[in-house]
Amino acid sequence: MSFTITCPICGKRNLYEFRFGGEDRGPRPEETDLTPETWAQWAMMNDNVSGIQKEWWYHRDGCGAWFTVLRDTCTNREMENGTRPHDAENPASNGQGRPYPPFVDRL
Ligand SMILES: [Zn+2]
């Protein structure tokens, strides 16, 4: 069985159409009173979960949407769809319909 990811717009596709965006760290810290330590903790530290993890994926060879997926890191099985990229309730959304990517895609 191949490793598949379910895009909320395009449906289930092969992993090779996507780019991994790292684990979901929650919303960016507020810039007021932001210390270098708080920023470094949010930007650089990963939980490195052995089990179910909420993570960001980018449909690079498809619709170009960022979305979250719950994945078991031990089996690479997707547990369920995460938040939709246009979800206004998404705390990681920047209000423009796209979440803040954890890195800049260079393609
Ligand atoms: Zn897509």
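Just above, that's the structure.
These figures come from a predicted structure and were not determined experimentally. (Residues numbered from 1 in each chain as written. Predicted model: local features only at pLDDT ≥ 70, side-chain atom pairs only at ≥ 80, totals over all residues. Heavy atoms only, no water.)

Caption draft 1: Highlighting the overall build of the protein. Assigned secondary structure in the protein consists of one helix and six strands. In the protein, the succession of helices and strands from N to C terminus is β-β-β-α-β-β-β. Per-residue burial for the protein yields a buried fraction of 32% across its 107 residues. At a minimum sequence separation of 6, the contacts of the protein that also span at least 24 residues come to 49%. With the model as given, the accessible surface of the protein reaches about 7,000 Å², and the carbon-plus-sulfur share is 49%. (Helix = DSSP H or I, 4+ residues; strand = E, 2+ residues; numbered from the N terminus. Buried < 20%, exposed > 50% of the residue type's maximum accessible area, 1.4 Å probe, protein only. Contact = heavy atoms within 4.5 Å. Areas by Shrake-Rupley, 256 points an atom, 1.4 Å probe, with all protein chains shown as cover.)

Caption draft 2: Expanded view of the packing of aromatic side chains. Tallying each qualifying case throughout the model produces five aromatic pairs. Their ring planes at 80° and their centres at 6.2 Å tell us that Phe3 and Trp57 sit as a pair that is edge-to-face. Separated by 54 residues along the polypeptide, Phe3 in the segment before β1 (4-7) and Trp57 in strand β4 (residues 52-58) bring together distant segments of the chain. Under the relative-accessibility criterion, Phe3 is labelled buried at 19%. Taken together, the aromatic side chains of Phe3, Phe20 and Trp57 make up a single cluster linked through ring pairs. (Phe/Tyr/Trp six-rings, centres within 6.5 Å; stacked < 30°, edge-to-face > 60°.)

Caption draft 3: Inspection of the pairing of β4 at higher detail. Burial runs high along β4: five of the seven residues are buried. Here three bridges tie strand β3 (residues 19-23) to β4, and the two strands are oriented antiparallel to one another. Note that in β4 the partner of Phe20 across the bridge is Trp57. In terms of strand pairing, β4 meets strand β5 (residues 66-72) through seven bridges, oriented antiparallel. Within β5, the position partnered with Trp56 by the bridge is Thr68. (Pairing = 2+ DSSP bridges.)

Caption draft 4: Region of the structure containing the environment of Thr75. Counting through the fold element by element, Thr75 comes out in the loop between β5 and β6 (77-81). Looking at Thr75, the relative accessible area reads 47%, which means it is partly exposed.

Caption draft 5: Region of interest: the coordination of the zinc ion. Of the protein atoms, only Cys7 (SG), Cys10 (SG), His59 (ND1) and Cys63 (SG) coordinate the zinc ion, at distances of 2.1 to 2.4 Å. Coordination at the zinc ion is tetrahedral: its four donor atoms span angles of 102 to 123° at the metal. Using a relative accessible area of 0% as the deciding quantity, one classes His59 as buried. (Donors = N, O, S within 2.8 Å, 3.2 Å for Na, K, Ca; no water. Tetrahedral: all angles 85-135°; square planar, octahedral: opposite > 155°, others 65-115°.)

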